[in-house]
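# Fold and contact review
So the chains spell out like this:
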Amino acid sequence: MAKDIDWSSLGFGYMPTDYRYNAEWKDGKWDKGGLTKDSTVTISESAGVLQYAQTCFEGLKAYSWQDGSIVCFRPDLNAKRLQDSARRLLMPEVPEEMFLDALDQTVKANKDFVPPYGTGATLYVRPFLFGSGPVLGVSPAPSFTFRLFVSPVGPYFKGGIKPLKICVSDYDRAAPKGTGHIKAGLNYAMSLYPGDVAHKNGYAENMYLDAATRTHVEETGGANFIFVTKDGRIITPKSDTILPSITRRSLVYVAEHYLGLKVEERVVPFEEVAEFEEIGLCGTAAVISPIGRIDWKGGSIQVPSGMDEMGPVLSKLRSTLTGIQEGTIEAPEGWIRKIC
Ligand code: PLP
Ligand code: COI
């Protein structure tokens, strides 16, 4: 039976649930792994994650369908991206089958925490990998932990899907060259300060420009950009220093194959931003969140779609994507993993 939770008033925050998955890597191999009720982690004071931030994570969601089944959206891509992150941070890869088994076990064991269909809430899944063994010199940890927990969540941005006001950050994107495409915890820690500066100035998020030339649009602290031109084309930044968003990759397919829109993945000069008709952020947590205004040192861009509601093209993209995730629109082959 579903837990007695006020699903529609949930924000995006951590709520401990009954079970989480834990596995340990030592001497070149993963142990069997399994579920635990213990929401705490005990590690050495000298653990690689604590000393040198050797950690990375993933984010995906589980959805309740109208027929009562519980599904996840393209988790194989999260498994692969976690492997990319692990390789760059010199951590052992979690095999895809192990990742998917951890996901199935944890979501199934917490099925009463999956928000019911139609509430607007979802179950956020947070897999992560960290150096748990002790180090002192700068070196990879001798042992690692892979863990996966879940938490019911509502919208990532306060106010649901009201258009946001963001600003161009004076700081470079947090990720050092060669790590912008992975979900290293360090990159997020380094974005906290610029994020705080933006929030204190009344902005929901930062737009980061490319660190090398500060002329091209990269992404925000937790989502990719998606733009709509006046003639209805979709433009999304191409860069090897942004996270390859699974939501963005899915939206490109949805735009082309479900909505018949033209899509361009290419470098987006900041100067072009003032010409777009609609602007949105996309990601697992953000889904598609509209932008109404972008401020920068030299001025302010008022997005023509306005500050009141999401524009028509982004709305259509959002409803098609969420329809696929919630089972009311048929998904492309292999996009949906039925958990139970
Ligand atoms: N960019 C950053 C920096 C992120 O943290 C996220 C969230 O995971 C995204 C983009 C969106 O990626 P995805 O759609 O795979 O969730
Ligand atoms: C996600 O969308 O899953 C993320 O990891 C973004 C994070 C900022 C919550």
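Residues numbered from 1 in each chain as written. Chains lettered and ligands numbered in written order. Predicted model: local features only at pLDDT ≥ 70, side-chain atom pairs only at ≥ 80, totals over all residues. Heavy atoms only, no water.

## Side note on the site of ligand 1
Around ligand 1, the structure places 17 residues, and the nearest of them are Lys183, Tyr188, Glu219, Thr247 and Thr284. The contact in question runs from a nitrogen atom of ligand 1 to an N or O atom on the side chain of Glu219, over 2.6 Å. A distance of 2.6 Å separates an oxygen atom of ligand 1 from a polar side-chain atom of Thr284. Notes on ligand 1: free accessible area 380 Å², of which the protein chains cover 96%. Its atoms largely coinciding with the cavity grid, ligand 1 occupies the largest pocket. Of all the elements in the fold, those that place two or more residues in the shell around ligand 1 are helix H5 (246-257) and strand E14 (278-283). Of the residues that constitute the shell around ligand 1, the class distribution is five nonpolar, eight polar and four charged. (Near = heavy atom within 4 Å. Polar contact = N/O pair within 3.5 Å; in protein donor to acceptor, adjacent residues only side chain to side chain. Areas by Shrake-Rupley, 256 points an atom, 1.4 Å probe, with all protein chains shown as cover. 1 Å grid on protein atoms, 1.4 Å probe; cavity = no way out; pocket = protein on both sides within 12 Å on 5 of 7 lines; lining within 4 Å. Sits in = over half its atoms within 2 Å of the grid points. Helix = DSSP H or I, 4+ residues; strand = E, 2+ residues; numbered from the N terminus. Nonpolar A, V, L, I, M, F, W, Y, C, P; charged D, E, K, R; others polar.)

## Details of H5
Helix length check: H5 (twelve residues) gives 16 Å between terminal C-alpha atoms against 16 Å at 1.5 Å per residue, within 8%. The set of residues buried in H5 consists of Ile246, Thr247, Arg248, Ser250, Leu251, Val252, Val254 and Ala255. The N-cap residue of H5 is Ser245: its side-chain oxygen and the backbone nitrogen of Thr247 are 3.2 Å apart. (Expected span 1.5 Å × (residues − 1). Buried < 20%, exposed > 50% of the residue type's maximum accessible area, 1.4 Å probe, protein only.)

## Details of the site of ligand 2
Taken together, Phe12, Phe57, Gly59, Tyr124, Arg126, Tyr156, Lys183, Gly222, Thr284 and Ala285 make up the full set of residues near ligand 2. In this structure, an oxygen atom belonging to ligand 2 sits 2.6 Å away from a side-chain N or O atom of Tyr124. The separation between an oxygen atom of ligand 2 and a polar side-chain atom of Lys183 is 2.7 Å. About the coverage of ligand 2: the protein hides 90% of its 280 Å² of free accessible area. Among the detected pockets, ligand 2 sits in the largest pocket. Counted by class, the shell around ligand 2 contains five nonpolar, three polar and two charged residues.

## A short note on the domain arrangement of the protein
When its domains are assigned, the protein resolves into domain 1 (7-153) and domain 2 (164-326). Computed over C-alpha atoms only, the centres of domain 1 and domain 2 are separated by 26 Å. If you look at the interface, domain 1 gives 23 residues, while domain 2 gives 22 residues. Taken together, both faces of the contact between domain 1 and domain 2 bury some 1900 Å²; the carbon and sulfur share is 64%. Summed over the three residues of domain 1 that lose the most area to domain 2, namely Phe57, Phe73 and Arg81, the buried surface amounts to 32% of that side. At the junction of domain 1 with domain 2, the criterion picks out zero salt bridges. (Domains from an automatic or database assignment. Contact = heavy atoms within 4.5 Å. Buried area = accessible area lost by both parts, 1.4 Å probe. Salt bridge = Lys/Arg side-chain N within 4 Å of Asp/Glu carboxyl O.)

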